[in-house]
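# Survey of secondary and tertiary structure
Each chain is listed here by its residues.
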Amino acid sequence: MARPRVPPPPERAPEALQLADDAPSVGRALWKAELSIGAEVVPVKLYTAVSDHTVHFKMVEKRSLEPVRSEMVEAGKKPRVIPYADTLRGFQVGESYVVLSKEELKELDPEASRTIEAVALVPADAFGPAWLNKPYYLGPDGDAEGYAAVVHTLADDGRHALVHFVMRGTAYAGTLRSEGGVLVLVTLRHEGEALAPGTVERPAGSGPTAREQALAEQLVHAFEGDFDPSQYRDTYRDKLMELIEAKARGAAPALKAPRKKAATSELGDALAKSLAQLKKSRSAA
Amino acid sequence: MSAIKRARKKKPSEALKEKAERKPRTRPVWSGTLSFGLVTIPVEMHASVRETASSLRMLSPEGKPLKRRTVAPSGKPLRDSDIVRGYPLEGRMVVVSDEELDALAPEQSRDISLASFVPAQQIGALYLERPYVLAPGSSGQKPYFLLADTMEKVGRAGIATFVMRGKQQLVAIYAVRGLLYAHTLRFSDEVRDPRGLGLPIAEAPGAERMKAVKSALAGLASSGAELTSPPKDVYQEKLNALVEKKRKAHRDVVRAPELPKETPSHSEVVDLIEVLKASLKAGPKQTTRKRSA
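## Looking at the overall build of chain A
Along its length, chain A carries five helices and twelve strands. By the compact-globule yardstick of 19 Å for 285 residues, chain A is too spread out, its C-alpha radius of gyration being 26 Å. Overall, the C-alpha framework of chain A stretches about 70 × 65 × 50 Å when taken along its three principal axes. Every one of the 285 residues in chain A was classed for burial, and the buried ones make up 46%. When contacts within chain A are restricted to residue pairs at least 6 apart in sequence, those whose partners lie at least 24 apart make up 67%. Taken as a whole, chain A presents about 14800 Å² of accessible surface, with 51% of it coming from carbon and sulfur.

Rendered as structure tokens:
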């Protein structure tokens, strides 16, 4: 079944890694493995490509401000707490459960391995953004020449290698590509885990008028730009930390509640006004 | 063929699918407006990815289904209203409420204001975080369709920042087949720089090695493996097979005393599709419930 595809990436020069000046450097390697492409084997180290800057909270009890915990209880009038070690696992089928022991489940686990095996070459647009999960970098581990050879051949080819590997007890599929002299590995979600864009199609029916379409296009063109991630800063995170520090000192700032914007009623007018406003502000600049 | 007297025993995957078909459960993770210029479009954002909930239920040693319960350190069971969000700072626990989180950036908590339209392909894979789909809100179908058509036609994605669940998100909004999708993006200080690893490697590889790797890659290409769909979940398939084998042999099958309210389901994507289709029906938005057969 042909799946609709998101427009393919244009040939972004393999030199571009698109990093910001303040990008944090990679930490320690997560894992050591061997990248295997046919008979060629290159030892590599795997690093996470992401740095999490989220402000993390703890869930605490209101009264005591102590962190909460969770436990498993048997439903019923007098709920019984079952220690985690004593729990079984069941798969629901109809109105029954098929019980599985820990040993049975362990047998399903994939065999441990230190190989990242390339199994196919796929076009760069084979998978849309919905399927990409976690990005990693592969770095060389002793065989710089082999690593460089893979970087160059993949860059020349332009396709991505589809790879399979088992890391920390979980089997993964991923795409491997060459970017800016570095091998980038992105794990993939499984079929059925994500909604692929284009799966649902909008029903045909009354849409915008020709005038509205023309105006909208003009407006979109007026805001055309290139993607430059360094333009954007997470200012909210800073404000949140300021709030937390202020509260710790006992200063509670006044709050402004968010208000929902009203939906546009006269679309054509809204478009025309937007364009007019934009022209005015640009000519004044 | 007739299923009247003796119902055919269901396979695990069928059972899950049937359960999903009972009613769409997907609630939006965020609702607000999408705006560009003076055009404001009410939207509901749904996660495109199901949480990796296990298909397995935890049971007591007697085979009774268990529920997860949140308790205080003392062991006292807690209700939602007893639980708050705290940040540990210098030995203190600072509580932050939902209202306070919203109020930090009030405009951005309810509106995604598109400021720039970029070629979708310029967004590198390292920046892609999480995918979502936008359903039109209750009163704004025409502007929604207009924006979707326009962005699809010019092949561009709208970039904006907004606040969801107490976190600021950089987001790309794009259109495929008349529907709007969102993909949250990482901020540039969240993508690591690998160049300290001695990369890129300055010395060019020798001709011999290049030849060997090239031919290995060619071998891969000629293997004929064409991939048009994401990988199957092999673990889940093995699990389904084991369950089916045991069920047929009546091994370790216990009757569920009550059907639990919240059973993890593999069919959240199916639910999501139904919700989308319902919200796309022409005219004022209505929630359709699937009629039971």
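## Topic: the environment of Leu126 of chain B
Its place among the elements puts Leu126 of chain B in the loop between strand S8 (116-119) and strand S9 (128-136). For the pair Leu126 of chain B and Gly137 of chain B, spaced eleven residues apart in the sequence, the C-alpha separation amounts to 31 Å.

## Some thoughts on the confidence of the model for chain B
All names here are of chain B. Confidence in the prediction for chain B averages 82 pLDDT; 80% of positions are at 70 or higher. Taken as a whole, residues 1-8 scores under 50 in pLDDT and shows one contact with residues more than four places along the chain or in a different chain. Of the regions scoring below 50 in pLDDT, residues 262-266 engages in 15 contacts with residues more than four places distant in sequence or in other chains. Here the prediction assigns the complex a pTM of 0.85, and the interface score ipTM is 0.87.

## Here's the deal with the packing of helix H2 (residues 144-157) of chain A against helix H5 (residues 207-221) of chain B
Between two packed helices, the angle of one axis relative to the other and the distance separating the axes together describe the packing. Between H2 of chain A and H5 of chain B, whose axes approach to 9 Å, the crossing angle comes to 50°. Comparing their axes, H5 of chain B and H2 of chain A come out oblique. Every pair of crossing elements has a handedness; the one defined by H2 of chain A and H5 of chain B is right-handed. Contacts between H2 of chain A and H5 of chain B involve Glu145, Gly146, Ala149, Val150, His152, Thr153, Leu154 and Asp157 of chain A on the former and, on the latter, Arg209, Met210, Val213, Lys214 and Leu217 of chain B.

## Some details on helix H3 (residues 210-222) of chain A
One turn of the α-helix equals 3.6 residues, which is why residues spaced by three or four share an orientation. When the terminal C-alpha atoms of H3 of chain A are compared, their 18 Å separation across 13 residues agrees well with the 18 Å that a helix rising 1.5 Å per residue should span. Looking at H3 of chain A, one finds that the buried residues are Glu212, Leu215, Ala216, Leu219, Val220 and Ala222 of chain A. End-on view of H3 of chain A: buried residues confined to an arc of 155°, all on one side of the axis. Buried-residue contacts for H3 of chain A involve helix H5 (267-284) of chain A together with strand S1 (30-36), S8 and helix H4 (141-154) of chain B.

## Here we look at the nonpolar core
Within the largest apolar cluster, 119 residues are counted, with the highest numbers of intra-cluster contacts made by Ile116, Tyr137 and Tyr147 of chain A together with Leu34, Phe36, Ile123 and Leu180 of chain B. Of the residues forming this core, the biggest block, seven residues, is contributed by strand S11 (residues 167-176) of chain B. Leaving out residues up to four positions away in the same chain, Ile116 of chain A has contacts with Trp31, Ala33, Glu34, Leu35, Ser36, Val44, Leu46, Leu138, Val163, His164 and Phe165 of chain A.

## Concerning the side chain of Glu40 of chain A
If you trace the backbone, Glu40 of chain A turns up in strand S2 (residues 40-48). The class of Glu40 of chain A is buried, set by a relative accessible area of 16%.

## Considering H4 of chain B
Residues and elements named next belong to chain B. Taking 1.5 Å per residue as the helical rise, H4 with its 14 residues ought to reach 20 Å, and the 20 Å between its terminal C-alpha atoms agrees with that figure. Of all the residues in H4, the buried ones are Gln141, Pro143, Tyr144, Phe145, Leu146, Leu147, Ala148, Thr150 and Met151. Of the residues trailing H4, Gly155 is marked for its positive phi of about 70°.

What counts and how
Residue numbers run consecutively from 1 along every chain, following the written order of its sequence. Here every chain gets a letter starting at A, and every ligand a number starting at 1, in the order they are written. Local features in a predicted model are, by the rule used here, given only for residues with pLDDT of at least 70; side-chain atom pairs are given and counted only at 80 or more, and totals for whole chains, interfaces and linings are based on all residues. Side-chain numbers come from the whole structure's heavy atoms, not from hydrogens or water. In DSSP terms, a helix is any run of H or I states spanning at least four residues, a strand is any run of E spanning at least two, and both are numbered starting from the N terminus. C-alpha atoms define the radius of gyration, and 2.2 Å times the number of residues to the power 0.38 defines the globule rule. Exposed residues in this analysis have more than 50% of their type's maximum accessible area, buried residues have under 20%, and partly exposed residues fall in between, with area computed by a 1.4 Å probe over protein chains only. Contacts: residue pairs with any heavy atoms within 4.5 Å of one another. Under the convention used here, a 1.4 Å probe and the Shrake-Rupley method define accessible areas, while residue burial counts only the protein chains that appear. The predictor attaches a confidence to each residue, called pLDDT, with possible values from 0 through 100. Orientation is described by axes fitted as lines to C-alpha atoms, over the contacting stretch for helices, and by angles from 0 to 180 degrees between their N-to-C directions. The labels follow the angle: roughly parallel below 35 degrees, roughly antiparallel above 145, roughly perpendicular from 65 to 115, and oblique for the rest. Left-handed describes a crossing whose near helix is turned anticlockwise from the far helix by less than a right angle; the clockwise case is right-handed. A helix is expected to reach a length of 1.5 Å times the quantity of its residues less one. Relevant arc is that of directions from the helix axis to the C-beta atoms, nothing else. What makes a nonpolar core is a set of buried Ala, Val, Leu, Ile, Met, Phe, Trp, Tyr and Cys residues whose side-chain atoms join them at distances within 4.5 Å.

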